[in-house]
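Topology and contacts: notes
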Amino acid sequence: KNIVDPKHQNFWRPYIAHELGHYYFGTLKVFSSELGDMMSEGFAELLSLQLTKGIMGEELYKQKIDEKIEHLKKFSPKPFGKIKSDTEYENRQLYVYDYAPLIFTAIKKEIGEEKMWKWLITILETETTFTNYDFLISTLKTTLNDKKLTELIEKQYLTNDNSLKNAIEKITTE
């Protein structure tokens, strides 16, 4: 397949955007914990989704979101805050490429685009030994500087056994 061929661009452009996202999430910031793989792939995929929406349009973006939701129909993921080992992902492919980006997309919808970008920058710039759940939530707290909003996000999306359902509801509700 030719990557510049218009009939294949809906696959290749988001794929390349995801791989370029690893410059930030995987090279600039190396993740080291049970959630490291999820953060590296999940944030790269989030960037891919945002570039898809901005460059290729809302229709393809919604198609990509719908595909992720469809992939997860029979998947019951453990929320980030309850993961103690990457073996608890159950299905790495679904967890890091579908579940994590949907959680991050729902959080973006809760906090707004500006604060989401600020959170991503905070994650990238914060020096730490371990990029575990405590790191993830501490960077969110720093970014939001809003205890109630941080607690809402944590309870809805990061520690809730129904986090996937909550995220899908948030994403699909205009």
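Here, the structure is the one placed above.
Before going into details, it helps to say that this report is about the structure given with it. As the structure is a computational prediction, the values presented were derived from the model and not from experiment. (Residues numbered from 1 in each chain as written. Predicted model: local features only at pLDDT ≥ 70, side-chain atom pairs only at ≥ 80, totals over all residues. Heavy atoms only, no water.)

**So, the packing of aromatic side chains**
Under the criterion given, the structure shown has ten aromatic pairs. Their ring planes at 75° and their centres at 5.5 Å tell us that F80 and Y99 sit as a pair that is edge-to-face. With F80 in the loop between α3 (58–71) and α4 (92–111) and Y99 in helix α4, this residue pair connects regions lying 19 residues apart in the sequence. Summarising the burial analysis for this pair, F80 and Y99 share the class buried. An angle of 5° between the planes, with centres 4.5 Å apart, marks the rings of Y89 and Y95 as stacked. For the residue pair Y89 and Y95, the accessibility class agrees, reading buried in each case. Joined through ring pairs, the aromatic side chains of F25, F31, F43, F80, Y89, Y95, Y99, F104 and W119 make up one cluster. Positioned above the aromatic ring of Y61, the side-chain terminus of K53 is 4.8 Å from the ring centre. (Phe/Tyr/Trp six-rings, centres within 6.5 Å; stacked < 30°, edge-to-face > 60°. Helix = DSSP H or I, 4+ residues; strand = E, 2+ residues; numbered from the N terminus. Buried < 20%, exposed > 50% of the residue type's maximum accessible area, 1.4 Å probe, protein only. Lys NZ or Arg CZ within 6 Å of the ring centre and 35° of its normal.)

**Digging into the side chain of T122**
Structurally, the position occupied by T122 is in helix α5 (residues 113–125). Within the structure, the side chain of T122 is placed 2.8 Å from the backbone oxygen of K118, a separation counted as a polar contact. Ignoring sequence-local partners within four residues, the contact set of T122 consists of T139, T142 and T143. (Polar contact = N/O pair within 3.5 Å; in protein donor to acceptor, adjacent residues only side chain to side chain. Contact = heavy atoms within 4.5 Å.)

**Some thoughts on the nonpolar core**
The biggest cluster of nonpolar side chains holds 47 residues, and the ones touching the most others in it are M38, F43 and F80. Looking at this core, the elements with two or more residues in it are α2 (36–56), α3, α4, α5, α6 (133–144), α7 (147–158) and α8 (163–172). Looking at this core element by element, the count peaks at twelve residues for α4. Apart from residues lying up to four places away in sequence, F80 is in contact with L35, M38, Y95, Y99, A100, I103, F104, Y133, L136 and L158. (Core = buried A, V, L, I, M, F, W, Y, C linked by side-chain atoms within 4.5 Å.)

**A look at unusual backbone geometry**
Look at E90: it is not a glycine, yet its phi comes out positive at around 70°. Here E90 is to be found in the loop between α3 and α4. The backbone phi angle of N145 is positive, close to 50°, even though this residue is not glycine. Inspection of the secondary structure puts N145 in the loop between α6 and α7.

**As for a nonpolar patch on the surface**
Judged by side-chain polarity, Y15, I16 and L20 come together as a nonpolar surface patch covering roughly 290 Å² of accessible area. Here L20 lies in helix α1 (residues 9–24). Take L20: its relative accessible area is 58%, and that puts it in the exposed class. (Patch = residues over 30% accessible without salt bridge, like charges linked within 9 Å, V, L, I, M, F, W, Y side chains within 5 Å. Areas by Shrake-Rupley, 256 points an atom, 1.4 Å probe, with all protein chains shown as cover. Salt bridge = Lys/Arg side-chain N within 4 Å of Asp/Glu carboxyl O.)

**With respect to the pattern of salt bridges**
Taken as a whole, this structure holds ten salt bridges when the rule is applied. The salt bridge partner of R92 is E41, with a shortest N-O separation of 3.8 Å. Here R92 is found in helix α4, whereas its partner E41 is found in helix α2, with 51 residues between them in sequence. Overlapping salt bridges bring together D37, E41 and R92 as one network.

**A closer look at the packing of α2 against α5**
Between α2 and α5, the least distance of the axes is 13 Å, while the angle of their chain directions is 145°. With respect to the hand of their crossing, α2 and α5 are arranged in left-handed fashion. Residue-level inspection shows F43, L46 and L47 of α2 in contact with α5, the latter providing M116, W117, W119, L120 and I123. Residues that form the contact of α2 with α5 fall into these classes: eight nonpolar, no polar and no charged. (Axes fitted to C-alpha atoms, helices over the stretch in contact; angles between N-to-C directions. Left-handed = near helix turned anticlockwise from the far one by under 90°. Nonpolar A, V, L, I, M, F, W, Y, C, P; charged D, E, K, R; others polar.)

**Comments concerning the packing of α2 against α4**
At their nearest, the axes of α2 and α4 sit 8 Å apart, and the two run at 60° to each other. Considered as vectors, α2 and α4 are oriented oblique to each other. In this structure, the crossing between α2 and α4 has a hand that is right-handed. Facing D37, M38, E41, G42, F43, E45, L46, L49 and Q50 of α2, the residues of α4 in contact are R92, Y95, V96, Y97, A100, P101, F104, T105 and K108. Classifying every residue of the contact of α2 with α4 gives ten nonpolar, three polar and five charged. (Parallel < 35°, antiparallel > 145°, perpendicular 65-115°, else oblique.)

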